[in-house]
Amino acid sequence: MKFLIKSLWSLLLARYWLARALHERRTILVGAAVVLPILFYLLLWNPAHVAVEKLQRSVPDLRAQAARLQEQAAEVEALRHRAQAAAPDEKNMKAAIEESAQRLLLRESIKSLTVQDSNTVRITLDSVSFAQWLKWLHQLQREQNIRAESVAVAALPQPGLVEISATLTQGAGP
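Residues numbered from 1 in each chain as written. Predicted model: local features only at pLDDT ≥ 70, side-chain atom pairs only at ≥ 80, totals over all residues. Heavy atoms only, no water.

Enquirer: I tried to follow the environment of asparagine 145 on my own but got confused; where do I start?
Expert: By the element assignment, asparagine 145 lies in the loop between helix H4 (130-144) and strand E3 (146-155). Look at asparagine 145 and you get partly exposed, because its relative accessible area is 32%. Sequence separation of asparagine 145 and leucine 12 is 133 residues, and the distance between their C-alpha atoms is 85 Å. (Helix = DSSP H or I, 4+ residues; strand = E, 2+ residues; numbered from the N terminus. Buried < 20%, exposed > 50% of the residue type's maximum accessible area, 1.4 Å probe, protein only.)

Here is the structure:
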């Protein structure tokens, strides 16, 4: 193999290079000395240099994305291990609503509380603070996974007090 390559090289040298006149060989060498650095720059160095600059600009963004992904993965893992809400049960739902209303001193404002099905309750409140109602609704949603499906609010003559009629549902929202 080595002999074959050596003989091909010597054949190429004898046939093409040595067959040229001295001034032609000099012209070819000068042309090669000019063209080879230009080709090296255009084909190798410049694309590599541009790619390195582009990568240096994108690395901070990629690191930030990786940090966000790690935070989100930790949050997903925490949510995966969080206790799952119990299946809707009309007695449990009614009890949870009454207990929560009692804690926020709204139990006396409840005029009616009727269970419509296993995860829906119709509630009417008389003369309740609107701010207190919102706080209670937020607490129900956060702690018991109970949300308002429909709400009718009527203002009372006293400032800040309202009459509320609502349908509350337990479970995931739409």
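Enquirer: Would you mind going over the pattern of salt bridges with me for this structure?
Expert: Pairing between side chains of opposite charge can happen when their charged atoms approach one another. Going through the model one piece at a time under the given rule, you end up with 6 salt bridges. Taking the shortest distance from any N to any O, the salt bridge between lysine 111 and aspartate 126 comes out at 3.9 Å. One end of the pair, lysine 111, is in strand E1 (residues 110-117); the other, aspartate 126, is in strand E2 (residues 120-129), with 15 residues separating them in the sequence. For lysine 111, a relative accessible area of 54% corresponds to the exposed category. (Salt bridge = Lys/Arg side-chain N within 4 Å of Asp/Glu carboxyl O.)

Enquirer: Can you walk me through the pairing of E3 in this structure?
Expert: Regular strands place their side chains on alternate faces of the sheet. In terms of strand pairing, E3 meets strand E4 (residues 161-170) through 9 bridges, oriented antiparallel. Within the sheet, the bridge partner assigned to isoleucine 146 lies in E4 and is glutamine 170. Connecting the antiparallel pair E3 and E4 is a turn made up of 5 residues, with glycine 160 showing a positive phi of about 85°. (Pairing = 2+ DSSP bridges.)

By themselves, these are just geometric observations and shouldn't be taken as functional.
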